[in-house]
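Understanding the architecture of this molecule
So the chains spell out like this:
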Amino acid sequence: MTVADLSAQLTAYEGRSAVLGGRGRDPVDAAMIRHWCEAMGVPGPDPAVPGVGPGVAEAPPAMLQVWIMSGLSGAVGRTAAYEELVALLDRAGCTAVVATDCEQEYLRPLRTGDEITFDAVIESVSPRKTTALGTGHFITTRTEIRANGELAGIHRFRVLRYAPARTRTASPAERPRPVINRDNAGFWEGVAGHRLLIQRCTACGRQRFPWLPGCGECGSPLWEAVEASGEGVVFSYVVMHHPPVPGFEAPYAVGLIELAEGVRMISSLVGVAPARIRIGMPVALEFVRAGDQELPVFRAYEEGL
Amino acid sequence: MKPGDELPVLSVPVTRTLIVAGALATRDFTDVHHDPEAARAKGAPDVFMNILTTQGLVSRFLTERLGPGARLRKLSIRLGTPNYPGDTLHVTGTITSVSDDERAVEIALMGINSLGRHVTGTASMTLSPQEAGS
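Section: the pairing of strand S3 (residues 116-125) of chain A
Residues and elements named next belong to chain A.
- Of the pairings in the sheet, the one linking strand S1 (residues 17-23) to S3 comprises 4 bridges and is antiparallel in character. Note that in S3 the partner of Gly22 across the bridge is Phe118.
- Summarising the sheet, S3 and strand S5 (residues 134-147) pair through 9 bridges and their orientation is antiparallel. Note that in S5 the partner of Phe118 across the bridge is Ile145.

Observations concerning the sheet that holds strand S12 (residues 264-270) of chain A
All names here are of chain A.
- With mixed pairing, 5 strands are arranged side by side around a closed barrel as S10-S11-S12-S14-S13. Strand-to-strand twist in this sheet, taken as the mean axis angle between neighbours without regard to direction, amounts to 50°.
- In this structure, strand S11 (residues 252-259) lies alongside S12, joined through 6 bridges in antiparallel fashion. In the sheet register, Ala253 faces S12, and the bridge partner there is Leu269.
- Along the sheet face, helix H4 (residues 185-192) touches S12, strand S13 (282-290) and strand S14 (293-300) and points at about 75° away from the line of S14.

Re the nonpolar core
- Ranked by size, the top nonpolar core spans 72 residues in total, and within it A:Trp67, A:Leu110, B:Leu62, B:Leu75 and B:Ile107 carry the most contacts.
- Here the element with the most residues in this core is helix H3 (residues 51-66) of chain B; it accounts for 7 residues.
- If we skip the residues at most four places from it in the chain, A:Trp67 touches A:Gly24, A:Arg25, A:Val28, A:Asp29, A:Met32, A:Ile33, A:Ala59, A:Leu110 and A:Ile116.
- Among the nonpolar cores identified, the runner-up in size contains 25 residues, and A:Phe187, A:Leu196, A:Ala228 and A:Val263 belong to it.

Quick word on the pattern of salt bridges
- Applying the stated criterion to the full structure yields 22 salt bridges over all chains.
- Between A:Glu224 and A:Arg200 there is a salt bridge whose closest N-O contact spans 3.0 Å. Placement of the pair is A:Glu224 in strand S9 (residues 223-227) and A:Arg200 in strand S7 (residues 197-201), with a sequence separation of 24 residues.
- Classification of A:Arg200 by relative accessible area gives partly exposed; the value is 30%.
- In this structure, B:Asp5 engages B:Lys2 in a salt bridge whose closest nitrogen and oxygen atoms are separated by 3.0 Å.
- Its relative accessible area of 23% is what places B:Asp5 among the partly exposed residues.

Some remarks on the packing of helix H1 (residues 3-11) of chain A against helix H3 (residues 80-91) of chain A
Residue and element names in this part refer to chain A.
- Viewed as axis vectors pointing N to C, H1 and H3 meet at an angle of 165°, and their least axial separation amounts to 10 Å. Classed by the angle they form, the pair H1 and H3 counts as roughly antiparallel. Taken as a pair, H1 and H3 cross one another with a handedness that is left-handed. Of H3, the residues touching H1 (which contributes Leu6, Gln9 and Leu10) are Leu85, Leu88 and Leu89.
- Of the residues that constitute the contact of H1 with H3, the class distribution is 5 nonpolar, 1 polar and no charged.

Focus: the interface of chain A and chain B
- Counting from both sides, the interface comprises 34 residues of chain A and, opposite them, 31 residues of chain B.
- For the pair chain A and chain B, the two sides together bury roughly 2,700 Å², of which 59% comes from carbon and sulfur.
- By the criterion of area lost to chain B, the three top residues of chain A are A:Met40, A:Met69 and A:Tyr106, representing 20% of everything that side buries.
- The interface formed by chain A and chain B includes 2 salt bridges.
- One can count 9 residue pairs in polar contact (both at pLDDT 80 or more) joining chain A with chain B.

Looking at the packing of aromatic side chains
- Applying the stated criterion across every chain yields a total of 6 aromatic pairs over all chains.
- Here the aromatic rings of A:Phe248 and A:Tyr252 are separated by 4.7 Å at their centres, their planes lie at 25°, and the arrangement is stacked.
- A relative accessible area of 21% means that A:Phe248 is categorised as partly exposed.
- A ring pair is formed by B:Phe48 and B:Tyr84, whose centres lie 6.3 Å apart and whose planes are at 90°; its orientation type is edge-to-face. Residue B:Phe48 is located in the loop between helix H2 (36-41) and H3, and its partner B:Tyr84 is located in the loop between strand S2 (71-79) and strand S3 (88-98); the two are separated by 36 residues in the primary sequence.
- The class of B:Tyr84 is buried, set by a relative accessible area of 16%.
- Of the aromatic side chains, those joined through ring pairs into one cluster are A:Phe187, A:Trp188, A:Phe209, A:Trp211 and A:Trp223.
- In this structure, A:Arg264 is placed above the aromatic ring of A:Phe235, and the distance from its NZ or CZ to the ring centre is 3.5 Å.

Topic: the environment of A:Pro246
Residues and elements named next belong to chain A.
- Relative to the elements of secondary structure, Pro246 occurs in the loop between strand S10 (231-240) and S11.
- Its relative accessible area of 49% is what places Pro246 among the partly exposed residues.
- Once you skip the residues sitting within four places of it in the chain, Pro246 turns out to touch Glu174, Arg175 and Pro176.

So, how was this worked out
- Residues numbered from 1 in each chain as written.
- Chains lettered and ligands numbered in written order.
- Predicted model: local features only at pLDDT ≥ 70, side-chain atom pairs only at ≥ 80, totals over all residues.
- Heavy atoms only, no water.
- Pairing = 2+ DSSP bridges.
- Helix = DSSP H or I, 4+ residues; strand = E, 2+ residues; numbered from the N terminus.
- Axes fitted to C-alpha atoms, helices over the stretch in contact; angles between N-to-C directions.
- Contact = heavy atoms within 4.5 Å.
- Core = buried A, V, L, I, M, F, W, Y, C linked by side-chain atoms within 4.5 Å.
- Buried < 20%, exposed > 50% of the residue type's maximum accessible area, 1.4 Å probe, protein only.
- Salt bridge = Lys/Arg side-chain N within 4 Å of Asp/Glu carboxyl O.
- Parallel < 35°, antiparallel > 145°, perpendicular 65-115°, else oblique.
- Left-handed = near helix turned anticlockwise from the far one by under 90°.
- Nonpolar A, V, L, I, M, F, W, Y, C, P; charged D, E, K, R; others polar.
- Buried area = accessible area lost by both parts, 1.4 Å probe.
- Polar contact = N/O pair within 3.5 Å; in protein donor to acceptor, adjacent residues only side chain to side chain.
- Phe/Tyr/Trp six-rings, centres within 6.5 Å; stacked < 30°, edge-to-face > 60°.
- Lys NZ or Arg CZ within 6 Å of the ring centre and 35° of its normal.

Right under this line is the structure:
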C-alpha cells in the first residue's frame, strides 16, 4: 500500500465513533483518589468538602481521564471502527503509541460514588509525520464523560501511533564516501598515506583548505602541497542528535577544526563525550578506516588531562 | 493578580518511583511507563512519564499557586521532550488574563527539563471570592 493509499484509508475513519456506551470500571472512589494524590504529591481526598455531603469526597478535576482508563484487562467499549483503525496502523508498522496532547474541560465536579459513562469520536487522523521517535500518524479523539448521566467533562486526546526508529549500532563502513575529483585528489591520496595535506600558493605563500585550483588571495593557479602537523583546536562544533545518518551513532560531534597552520577543516571529533566538547579544546589528528576508505578525524583532549 | 504576573516555579524531581506510581495511579499500564527494556525496544532510552502524570503535576502547580479554593475549568497540555528518571521538571506559569470581577484567570504554562520543553499548555481557573481579592 502506498503512503497516499494508507492516508486515504485512515482519513475515512474521521468522524466515526471510537467508543459507544463506555462505562467506567468502578464508580469514582476514595482509594483511587488517594493513590493519585499521593503520586502527584498533593493532599489526599477531603471527605469534608462543604456542600458535598457526609463521607463524600471530590476528585481532583485533572483525574477526569483516570475514570475511563481501560487498565490491564483491556479496552472498554471500543468500536469496531476504532479497532480497525488501530489494526490498519499496526499492519503499516505503527505498533508503538505515545500520547502527545490532552485538552480537558471540567463542567461538573466528580464525587465518590458517581457512576461514569462516556462516548468518544475519532476527530482526526493526521497524514504521515516523521518525529524523533519514529514515523506515524496522530489520532485525535474527543470524549464526553458523564457522571450519573450528567455531562461532567470533555476530554480531547491525541496520540501518535508510530513505527519505532530503529536503534542499532552504526557500522562505520556505512559512512558516506568522499567525492574525489581532479581538484582534491591529492588531498585524498595524502589521507590514504596518513598525511594531512593542505595547499600553499607558490605565488603569494598563502595556505588554504579545502583544496581549490586557484588562490583565493592572489588568483594564482600555482601551488604546492604541504603536510599539516595535525595539531589544532576546536574553532566551533555541532552535536548531531537527529536525523539518523548511516554510519554514525547519535549523538556525535562534528567539529570545525582550526589547524596550527591557520586553515580550518570540518571533521569528526572523537575521544570526548559530545556534551564535554568546548570551543578552544586542543585536538590532534588521527585516521580511521571506514570500509575501504581512510578518513581523517580529530581526537579532542579535555583541559588538564 | 494581573496579566504578566509569574507564578513561583514548582520543581519536581523525576524519580522512577514518581514515573511508575504516577502511571499506576492513573491506571496507565502502557509498558514504556514501567518497563525499561520495553521502553528501549520502542526507541526510548528508559521509562518515561505518562501524560496523565504530567497533567497531574501541572494541576498540582496550579492549585498550589492559586489557593485551595481555586477551581480548574480547562486544562490543555502538549508534550514535548520526555521526562526520564534522574531529571527535574520545573513548572512555570504566567497569568495571561484576569476577568473584570477578578474571579476568572487564564494561565500559560510551561514545564522544562534538561532536554527542553517537556510540556506547554494553558489553563482556565475560577478563584474563590477571598482569593480573587488577594
